[in-house]
Amino acid sequence: MNHRVPQPCYIRKLPVEILSKIFMLAVHGTPRKSLRSFMMMPHALASVNLHWRTVAICNHSLWSSLIIDLHQVIRNRTDGGLTLLTTMITRSGRSSVDIIIRAQQRRMSATEEMMNRKTDYTKTQARFADCMPAVFDLLFPEMYRWRSLEIVSDTWMPIHSALQILNERRTEGSSALRLESIKLVRTNDYLSRFWLFCPGIMKTVDGFMFAALIGPTSQDAPAQSPPLPKLRDIILYGVHLDWTNFLHYTLGPTPNRSPTVSHSIQSLELSHHSGEVRPTSDEFTGILEACPRLRKLVLRKSGPLAGLSRRVSLPLLQQFYYGYSCIGNDVGLFSGLHAPNLIEFILNSESSRILYSPTQDDGEDDKADDILKYCATHPLFPRLQELSCYNINAPVNTFTLFMNAIPTLLHLSLYGTPNAIPALLPIQNPLAGNGIPVPCPALKSIYMSSDLHKDSLIGTVKERSKLSEGASKFAQWRYGEIWEDDITVFFG
């Protein structure tokens, strides 16, 4: 008879340190395919056998992502609902934790836009809001371990409930001294098209912004400056604050002293805010001044409507994403911004998606024309290397001026912006001497999201190779279609 010899299971022979590292990569080192699978992975690893369970439970960092899915909490209310969170908190020990709260309905729908604009009430969202106090009651004792806080909701009611809790002063407990990131997201972008905030009855955000994170204080302002010393990233997507309070309380100025600055803030995003809840010029200027070490700035259908009230220098800013709408003084913003070391500039036209603004004129082309002309005639970004344009419908002549103003450009990405292609043609100038000047002489690659203008792009590249001063470089070029409709041209 033939007998099978059992094959040894080599994973059982792995040292505990290596097995623990594998567990960490399985949980934290792979992209999240779904929130639930990511949340349940540590529990799955701890359920294989006794050895794996011991290794998993002893690795506190394995349980450091405290994910609260309020939809599951409501479904499991019969057994407490928050049992899973309690387990994760216990097993995470004293390690730093990342908090993720999801207040989203299973089926994504335009819930708010179909409701009466005076209210945000739905049965499910009201339950999500009602869960917030119980969730934070469990999380607040561990605040000294918070590394990041992320709250995502379909609608405003759960976000408003969370802000009421986070803005309430506490008389005991610790502060969030390890906190590095705050991300508040309201996913319904549709409502940012309206000038008036919806729901209007919940527009006001009361309290001292994030007072609960700053810790116990009996004064009118935080005693520590900056109050959150390790805070680096702030994302407010569809979520507005009391901007003056946020500047003077959260970012660090203290009474009877000159305004201090939050030296740690490196990334700031304000996105999708209705016109009436955007920060004023003075408020936004003050916010930027409080973040002199900012490296990334994202303004997407947000920011002040009247530009900056005074000039602000951001010498470390490297990436600037600007999504403009049909309202607001864009030139006023750019004229007050000094970013001499900017590396990447992303310009996105979102004007066509604004509804019911106080101005009747859409002005999409005029605004793109004004922004590019101002950037061309003022050396705002002398070290710019990467440029991305989304749906920029400016004239070819304007693009030509702009391209000639950025000689350091290395990489150009175009999405629905065909007029930028002929702007790269060599400049026919009889006074230029032997060679013909070429816009963006340092260019290494051009990416275009659609092959509809492939012939125009290839024709422009050929002309650059024949006529430009840098013909030896541009004569060597190739293109590839990475995706079905995308095309990229490489030089050199």
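Residues numbered from 1 in each chain as written. Predicted model: local features only at pLDDT ≥ 70, side-chain atom pairs only at ≥ 80, totals over all residues. Heavy atoms only, no water.

Asks: Teacher, can you tell me more about the overall build of the chain here?
Replies: Helix and strand counts for the chain come out as 15 helices and 16 strands. Counting all 492 residues of the chain, 51% fall into the buried class. Partitioning the intrachain contacts of the chain with sequence separation of at least 6 by distance along the chain shows that 78% fall at a separation of at least 24. Accessible surface, the chain: about 23,200 Å² in total, of which carbon and sulfur atoms supply 53%. (Helix = DSSP H or I, 4+ residues; strand = E, 2+ residues; numbered from the N terminus. Buried < 20%, exposed > 50% of the residue type's maximum accessible area, 1.4 Å probe, protein only. Contact = heavy atoms within 4.5 Å. Areas by Shrake-Rupley, 256 points an atom, 1.4 Å probe, with all protein chains shown as cover.)

Asks: Where do I start with unusual backbone geometry in this structure?
Replies: Peptide bonds are trans in most cases, and residues, glycine excluded, mostly fall at negative phi. A cis geometry characterises the amide bond from Cys 198 onward to Pro 199, with omega recorded as 5 degrees. Secondary-structure assignment places Pro 199 in the loop between strand 4 (181–186) and helix 8 (211–214). The phi angle at Phe 210 is positive, at roughly 60 degrees, despite the residue not being glycine. Its place among the elements puts Phe 210 in the loop between strand 4 and helix 8.

Asks: Mind showing me how you'd approach the pairing of strand 2 (residues 97–103) here?
Replies: Within a regular strand, side chains alternate between the sheet's two faces. Among the 7 residues of strand 2, 7 are classified as buried, and the element is accordingly described as predominantly covered. The alternating pattern of strand 2 places Val 97, Ile 99, Ile 101 and Ala 103 on one face and Asp 98, Ile 100 and Arg 102 on the opposite face, and all of these are buried. Bridging between strand 1 (residues 65–69) and strand 2 involves 5 bridges; their strand directions are parallel. Residue pairing across strands places Ile 67 opposite Ile 100, the latter belonging to strand 2. (Pairing = 2+ DSSP bridges.)

Asks: What's the story with the pattern of salt bridges in this structure? I'm lost.
Replies: A side chain of one charge can pair with a side chain of the opposite charge when the charged atoms of the two come close. What the rule picks out here adds up to 10 salt bridges. The partner of Arg 102 in a salt bridge is Glu 150, and the shortest N-O contact between them spans 2.9 Å. Here the residue Arg 102 occupies a position in strand 2, and Glu 150 occupies one in strand 3 (residues 146–153), the gap between them amounting to 48 residues. Arg 102 sits in the buried class, given a relative accessible area of 15%. Across the pair Glu 142 and Arg 145 runs a salt bridge whose closest N-O atoms are separated by 2.9 Å. With relative accessibility at 18%, the residue Glu 142 sits in the buried group. (Salt bridge = Lys/Arg side-chain N within 4 Å of Asp/Glu carboxyl O.)

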